[in-house]
Every structure is written in structure tokens, then in C-alpha cells.
Amino acid sequence: MINSFHPPLRTLMGPGPSDVSPRVLAAMARPTIGHLDPAFIGMMDEIKQLLQFALRTNNELTMPVSAPGSAGMEACFVNLVEPGDKVIVCQNGVFGGRMKENVERFGGIALMVEDEWGTAVSLDKVRALMEQHDDIKLLAFVHAETSTGVRSDAEALCRLARDYGCLTIVDAVTSLGGIELEVDLWGIDAIYSGTQKCLSAPPGISPVSFSERALEKVRQRESRVPSWFLDKKLVMGYWGGGQKRAYHHTAPVNALYGLHESLVMLQEEGIKQAWERHQYHHQALRAGLEAMGLHFTVDAPVRLPQLNSVAVPTGVDEARVRSLLLERYGLEIGAGLGVLAGKVWRIGLMGSSCTRRHVMVCIDALENTLLELGADIHAGVAAQAASAAYAE
Ligand SMILES: *Cc1c(COP(=O)(O)O)cnc(C)c1O
């Protein structure tokens, strides 16, 4: 006989999922109703409004895709890329590589702008490529690269794209709710995010939003969108406004209760206050880790507050540290990805995991574990330094 599954108690400070608040979990335990029930349709309209608030947009096409962030990525590319389209794809970490895959699978031509992992997308390189080709259709980049902890200048990249008459696709999976993000003000054309990072809802849903210019490109397609499930024209029969909703797929009803609650919480806090909170706790975490003698791998001006890449001290078995943290403290932090595997830890301060308790628990647990493994760090000063940062 297999018994019910009871997950162990964890503190999630990796690259996502982040801790889900009891309020969101309680919302998800409410009774399941039909996905065409008038009460449910009313809640869908509220989710749309709340997403418009969080993304800072009036885009009519703003909705959650019923699948994880990777599907939101695919929804943007499959609708906007047509065979033969030239797309500039910026790669400075793992996720830019997936954008390239998307472009090529949908028949587009990916022109790569590559920057070193741990640095931001270079505006100059993008501009140079736009100068070389006069038929670029799209510029795609990752706003907050979760694999490295780097923020790229989304505002400037979108301005550049507009200057050269091309549309933008922006990955905001980790940036939404954690750092400044202005869809309308910056003129972003297509954006996708995730629920399990700074929104702190469970994984499996991807908010997306398309501007009027992006919709125009979709309308003018010569070929059919090569995905039935992600075709925006079809799904908007269900998610579009009004009382007449046609069955497209069965929405993940309870997961959407959770997203709704997490967005209500964000609205209560205020979007700018949420951005400031991430910066505030990041400063304290940084003070503690640096006092311990650890180093951040990303330059301060482009560092993400919600994803902290920290160099593993020489001679330390980084995987052993992570498993001890999990075993003894129930604390999850992330490993390095790709070229950074074995070299960094990725410490997330996302959404509900961005509190003073998380900062202090992480500093304490990491210090004790590193000392036990004989790492050459400064003992007994980190917690004090973090507290002092809070007192400033
Ligand atoms: C997590 C993440 C994704 C993928 O989201 P999933 O929900 O895991 O599919 C895409 N882009 C970035 C920047 C991410 O951090």
C-alpha cells in the first residue's frame, strides 16, 4: 500500500520555486468549480486585471498560459516567428539558448548576440547587428537571467528595437514582481513570466501579454501558427473578455485560485514596494555573505537582488554543502548551471522567500556548514553584519 504524500518542510531559497505562502495554499484548497462557471469566469477577469497591474500594461491580450514558464516562452515564439523571419537572440546564460531553439524550430533564422555568462546583454552588439541587417523582425532577450543572476537593460533594449522597427520578446520569468518592469512604458511587445519565482505561487502557469503591434503581426501571418494549444487566436476564445467563452482546454482551476491569491497579495503590498523589498533584503544578505568572506560573481550594477550568485570557496565540495543544508536545515539553495556548474551557488530571495527570516536563516546555516567542512571563512561576524545592514 502506498500512503499519502506529505512533503518535508522546506525553506526554498533556490532559483524557484520559492516558498508559497499559507494564504496561497489555502486558496488552492477551495472547492473546484467548472472552468465555464460564471463565478470562475469572473475570477478569470480579475486575474487578467491583476496581471495587467503586475506587468504594468493595458494590453488586452494578457492571460496566464496553463503550463510553466517554458510554455509561455513557446507561446511567444510560436505566434510571432514565421518561417524565414530573422530574429536577434541575446544569449548570456541558459535561457537565451532556449530562445534560439524556439526560433529555429519555428523556421526562423536566429542571429545570435552572445555575451559572457555573468554579464549583461551588450547594447552595442545588438545595435551593430541591427545596422548590418535591415530586415530583422524580432529582438528576444532575457530580462533577469536566473542561471547567472544578471539583469539586462530591458528599457534600453526595447528602445533600440523600436528605433530599428522590430518587435521584442522579453523573458520576465524571474523579473516579474522582483525588479522594476514596465511593459507599456518600455514598449515591450510580447512578454512571458512564471508563477513560481517572485510571484510565489506554485509552478505550472505562465502569465503572458502581447501588445497591439504584436497582435498585428500575428494577424498578418501567412502561415498557420504551428501549435494548436498555444495559438493565441484560439485560446482567446476562452480567455478573451465578455460572457461568451468557448471551451478551449480545461483551465487548471485550483492552480488559478493560487495565482489569483498571490496577485491579490502583490496588490496589497504594492508593486513598487515589492521591488524595494527585494532590494532591501538583498543588501542584508550581501552584507552577511561578504562579511563571511564570500564573493558575489556578478558586478554590482547588473546584479539581481532576487538571485544571488556566490562563488564557492576553493576546496569546498559545493554539492555536499547543499545536501547538508537540505538535510539539517530543510534549506534549499541552487547549484550553478552550465559553465557555472560547481563554481557558484544561486541563492534566491524571491517573493515569499524574500524576508528577514530567510536572510538570517541562510546566513546562519551556510556559515555553520562551511565551518564544519573546514572552509576558510570568517567565523562569527556574518549575522552581525546582516543585522547592521538592516539597521542602516
Ligand atoms: C525558470 C525560468 C524559465 C522557465 O520556467 P519554467 O516554469 O521552469 O518552465 C524561463 N526563463 C527564466 C529566466 C527562468 O528563470
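Residues numbered from 1 in each chain as written. Predicted model: local features only at pLDDT ≥ 70, side-chain atom pairs only at ≥ 80, totals over all residues. Heavy atoms only, no water.

Keep this limit in mind: UniProt positions are given in the numbering used here, feature names are shortened, and annotations may be inferred rather than shown by experiment.
As annotated in an unreviewed UniProt entry, the protein carries the name Alanine-glyoxylate aminotransferase apoenzyme and comes from Marinobacterium iners DSM 11526. Quoted verbatim from the Sequence similarities (unreviewed entry) field of the UniProt record, the comment on the protein reads "Belongs to the class-V pyridoxal-phosphate-dependent aminotransferase family." A UniProt comment under Cofactor (unreviewed entry) is attached to the protein, and it reads "pyridoxal 5'-phosphate".

## A closer look at the UniProt feature "modified residue: N6-(pyridoxal phosphate)lysine" (unreviewed entry) in the protein
Selection criterion: Put simply, DSSP marks the helices as runs of H or I at least four residues long and the strands as runs of E at least two long, and each gets a number from the N terminus on. Each residue's exposure class comes from its accessible area (1.4 Å probe, protein chains only) as a fraction of the maximum for that residue type: buried when under 20%, exposed when over 50%, partly exposed otherwise. The contact criterion used throughout is that any non-hydrogen atoms of two residues lie within 4.5 Å.
The UniProt feature table records "modified residue: N6-(pyridoxal phosphate)lysine" (unreviewed entry) at Lys197. Within the secondary structure, Lys197 sits in the loop between strand E9 (190-192) and strand E10 (206-210). Lys197 sits in the buried class, given a relative accessible area of 9%. Aside from chain neighbours lying at most four places away, what touches Lys197 is Pro15, Gly16, Ser18, Thr146, Val173, Thr174, Met350 and Gly351.

## A short note on the sheet that holds strand E4 (residues 109-114)
The condition that has to hold: A pair of strands is labelled paired if DSSP reports no fewer than 2 bridges between them. Simply put, an axis is a line fit to the C-alpha atoms, just over the touching stretch for a helix, and the angle between two N-to-C directions goes from 0 to 180 degrees.
One open sheet accounts for seven strands, arranged E2-E10-E9-E8-E5-E3-E4; its pairing is mixed. With partners counted over all chains shown, the strands left at the sheet margins are strand E2 (61-65) and E4, one partner each. Averaged over all pairs of adjacent strands, the angle between their axes in this sheet comes to 15°, without regard to strand direction. Bridge count for E2 against E10 is five bridges, and the pairing is antiparallel. Paired with Val65 across the two strands is Ser206, which belongs to E10. Helix H2 (residues 38-55) contacts E2, E9 and E10 of the sheet and is inclined by roughly 105° relative to E2.

## Thoughts on helix H5 (residues 123-132)
We count it as follows: Each C-beta atom gives one direction from the helix axis, and the arc is the one those directions make.
Within the sequence span of H5, burial applies to Val126, Leu129 and Met130. Seen from one end, H5 has its buried residues packed into an arc of 100°, which puts them on one side. Facing away from the buried side of H5 by more than 90 degrees, the exposed set consists of Asp124, Glu131 and Gln132.

## Details of the domain arrangement of the protein
Our working definition: Residue ranges assigned to the domains are those given by an automatic or database domain assignment. Note on terms: buried area is the combined drop in 1.4 Å-probe accessible area of two parts once they are placed together, counting the loss on both. By definition here, a salt bridge exists when the distance from a side-chain nitrogen of Lys or Arg to a carboxyl oxygen of Asp or Glu is within 4 Å. Counted as a polar contact is a pair of N or O atoms within 3.5 Å, where, for protein atoms, one must be capable of donating a hydrogen and the other of accepting one, and residues adjacent in sequence contribute only when both atoms are in side chains.
Looking at the protein, the domain boundaries give domain 1 (21-268) and domain 2 (271-391). Each of domain 1 and domain 2 has a C-alpha centre, and these two points are 29 Å apart. For the pair domain 1 and domain 2, the summed buried area comes to about 2,000 Å², and 65% of that belongs to carbon and sulfur atoms. Of all residues in domain 1, Trp117, Gly149 and Arg151 give up the largest surface area on contact with domain 2, accounting jointly for 22% of the area buried on that side. At the surface where domain 1 touches domain 2, the tally comes to zero salt bridges. For the interface between domain 1 and domain 2, the tally reads seven residue pairs in polar contact (both at pLDDT 80 or more). Those elements that provide at least two residues to the side of domain 1 that touches domain 2 are H2, strand E6 (144-145) and strand E7 (150-151).

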